[in-house]
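Chain by chain, the residues:
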Amino acid sequence: AAQVAAYEIDAGLVRSLKDTFEGVENFSLFHQDFLKADLEKELTPIFGEADIYVAANLPYYITSPCIMKLVESGLNIKRITVMIQKEVAQRICAMPGSKEYGSISAAIGFFADAKMLFSVSPSCFYPKPDVYSAVLSIEMKQYDAEKAEQYSKTVRGLFAKRRKTVRSNLRQSFELTIGQANAIIQKAQIDENARAETLNVNDFARISEEIVNIQKNIEN
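Residues numbered from 1 in each chain as written. Predicted model: local features only at pLDDT ≥ 70, side-chain atom pairs only at ≥ 80, totals over all residues. Heavy atoms only, no water.

**Concerning the packing of helix α3 (residues 63-71) against helix α5 (residues 103-111)**
At step 1: Close contact between α3 and α5 brings their axes to 10 Å; oriented N to C, the two are set at 20°. The angle between α3 and α5 places the two elements in the roughly parallel class. Of the two elements, α3 crosses α5, and the hand of that crossing is left-handed. Contacts from S64, I67, M68 and V71 in α3 reach I104, A107, I108 and F111 in α5.
At step 2: Residues belonging to the contact of α3 with α5 are distributed by class as follows: seven nonpolar, one polar and no charged. (Axes fitted to C-alpha atoms, helices over the stretch in contact; angles between N-to-C directions. Helix = DSSP H or I, 4+ residues; strand = E, 2+ residues; numbered from the N terminus. Parallel < 35°, antiparallel > 145°, perpendicular 65-115°, else oblique. Left-handed = near helix turned anticlockwise from the far one by under 90°. Contact = heavy atoms within 4.5 Å. Nonpolar A, V, L, I, M, F, W, Y, C, P; charged D, E, K, R; others polar.)

In C-alpha cells:
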C-alpha cells in the first residue's frame, strides 16, 4: 500500500506493532481510542485526496459506533471491510420490514451499500467466542454532506421508541405539534400509521428534508 494508518488502544499490541514496522516509512500508528480520534486531522496529512480503504477486526461491543464514525467522517473512504458479530452484520444489511431492520440499517443505508460476504465459525478463534462472526463489505456511496447530519438525527429520532408510530416519534423527538407532524408525514408521502422499521432510506430522507423545512418556518 502507498500509506497505511493503524489505530490500536492496547499497549502490548502497540509495542509489538512498533517492533514489527520499525523503519517502515509508509506506516503510521496511532496509540489511542479510535472513537476519540480526530480522523480528519490525523488522516488527511497521510492520505490527502487519495482513496482510502479500511480493514478491521472490530471489537464487538463498539461495532456500530466505529462504523458510523467511519461512514460519517467525510474522508475519501471507498470501502470498509470489517469482521463483526454476525448478528450485527445481519442487522446492518437488513431490509425495511424485516425483524432485523433497525436504526443502524437505516443510518448506514444513506452513506453506503452493505453486504455480508461470509460467516466465520467460533471454532476459528482461540479462545472460542459464544457467537458467530461475519465479514462485512461496506461500499461508500456519493451522498449530500449537508444533508447527512440531519438524516442521522432523523433516523435516531424516529427509532427513539420503536413501538411508536412515525408521527409520535416526530412529535417527541423534534418537539413538534400534531399539525406539524401531520404536515411532515403528508408532504413526505408516508402512511400516517407507519413505524420507523417499515421506512426505507428514501423515506427517511424525505422526512428529514421536511423536518428542516418546518424548523425554518418556526424560526421565521
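**Re the side chain of S137**
At step 1: Tracing the backbone shows S137 in strand β6 (residues 133-140).
At step 2: S137 gets classed as buried once you look at its relative accessible area, which sits at 9%.
At step 3: Setting aside anything within four residues of it in sequence, one finds S137 in contact with R79, I80, D113, A114, K115 and L117. (Buried < 20%, exposed > 50% of the residue type's maximum accessible area, 1.4 Å probe, protein only.)

**Here we look at the layout of surface pockets**
Remark: the empty space left among the atoms is shown by a probe the size of a water molecule rolled over them.
At step 1: Of the pockets and cavities examined, the largest pocket occupies roughly 950 Å³.
At step 2: Around the largest pocket sit 32 residues that line it, and A5, A6, Y7, A55 and A56 are the ones nearest its centre.
At step 3: At the level of secondary structure, the elements contributing two or more residues to the lining of the largest pocket comprise β1 (4-8), α2 (39-47), β3 (52-57) and α3.
At step 4: Per-class residue counts for the lining of the largest pocket are 26 nonpolar, three polar and three charged.
At step 5: As for the second largest pocket, its lining consists of 16 residues, of which A94, M95, S105, G109 and V201 are closest to the centre.
At step 6: Those elements that place two or more of their residues in the lining of the second largest pocket are α4 (86-93), α5 and β5 (112-120). (1 Å grid on protein atoms, 1.4 Å probe; cavity = no way out; pocket = protein on both sides within 12 Å on 5 of 7 lines; lining within 4 Å. Points joined across faces, edges and corners; volume = space filled by probe spheres on them.)

**Focus: the sheet that holds β6**
Backbone-to-backbone hydrogen bonds join strands into a sheet, with any given pair of strands oriented parallel or antiparallel.
At step 1: Taken in spatial order, the four strands line up as β3-β4-β6-β5 in an open sheet, and their pairing is mixed. Looking along the sheet, the strands with just one partner apiece sit at the ends: β3 and β5. Each strand axis lies, on average, 15° off the axis of its neighbour in the sheet, ignoring direction.
At step 2: Pairing of β3 with strand β4 (residues 77-85), which is carried by six bridges, proceeds in the parallel orientation. By the bridge assignment for β4, I52 is matched with I77. (Pairing = 2+ DSSP bridges.)

**Observations concerning the pairing of β4**
At step 1: With α3 bridging β3 and its parallel neighbour β4, the resulting β-α-β unit is right-handed.
At step 2: As judged from the seven bridges shared by β4 and β6, these two strands associate in the antiparallel manner. When the sheet's bridge partners are listed, Q85 is paired in β6 with S133. (Right-handed = clockwise from strand over helix to strand, strands pointing away.)

**Brief notes about the packing of aromatic side chains**
At step 1: Under the definition given, this model contains ten aromatic pairs.
At step 2: Seen in terms of ring centroids, F110 and F111 are 5.1 Å apart; in terms of plane orientation they differ by 80°. Their pairing is edge-to-face. Across this residue pair, the class does not change: F110 and F111 are buried.
At step 3: What links up through ring pairs into an aromatic cluster is the set Y101, F110, F111, Y143, Y151, F159 and F204.
At step 4: When the ring centre of Y132 is taken as reference, the NZ or CZ atom of K86 above it lies at 5.7 Å. (Phe/Tyr/Trp six-rings, centres within 6.5 Å; stacked < 30°, edge-to-face > 60°. Lys NZ or Arg CZ within 6 Å of the ring centre and 35° of its normal.)

**Points about the environment of I62**
At step 1: Within the secondary structure, I62 is located in the loop between β3 and α3.
At step 2: Assessed through its relative accessible area of 18%, I62 is described here as buried.
At step 3: Taking the C-alpha atoms as reference points, I62 and I84, separated by 22 residues in sequence, lie 9.8 Å from one another.

**Details of the nonpolar core**
At step 1: If you look at the biggest cluster of nonpolar residues, it comprises 58 residues, and the most contacted ones within it are I80, L170, F204 and I207.
At step 2: The dominant element in this core, judged by the number of residues it contributes, is α5, at six residues.
At step 3: If we ignore the near neighbours within four places in the chain, the residues touching F204 are Y101, A106, Y151, T154, V155, L158, F159, A196 and L199. (Core = buried A, V, L, I, M, F, W, Y, C linked by side-chain atoms within 4.5 Å.)

**Points about the side chain of Q85**
At step 1: Inspection of the secondary structure puts Q85 in strand β4.
At step 2: Discounting chain neighbours no more than four positions away, the residues touching Q85 are Y60, V131, Y132, S133 and A134.

The values reported here are purely geometric and, on their own, carry no functional implication.
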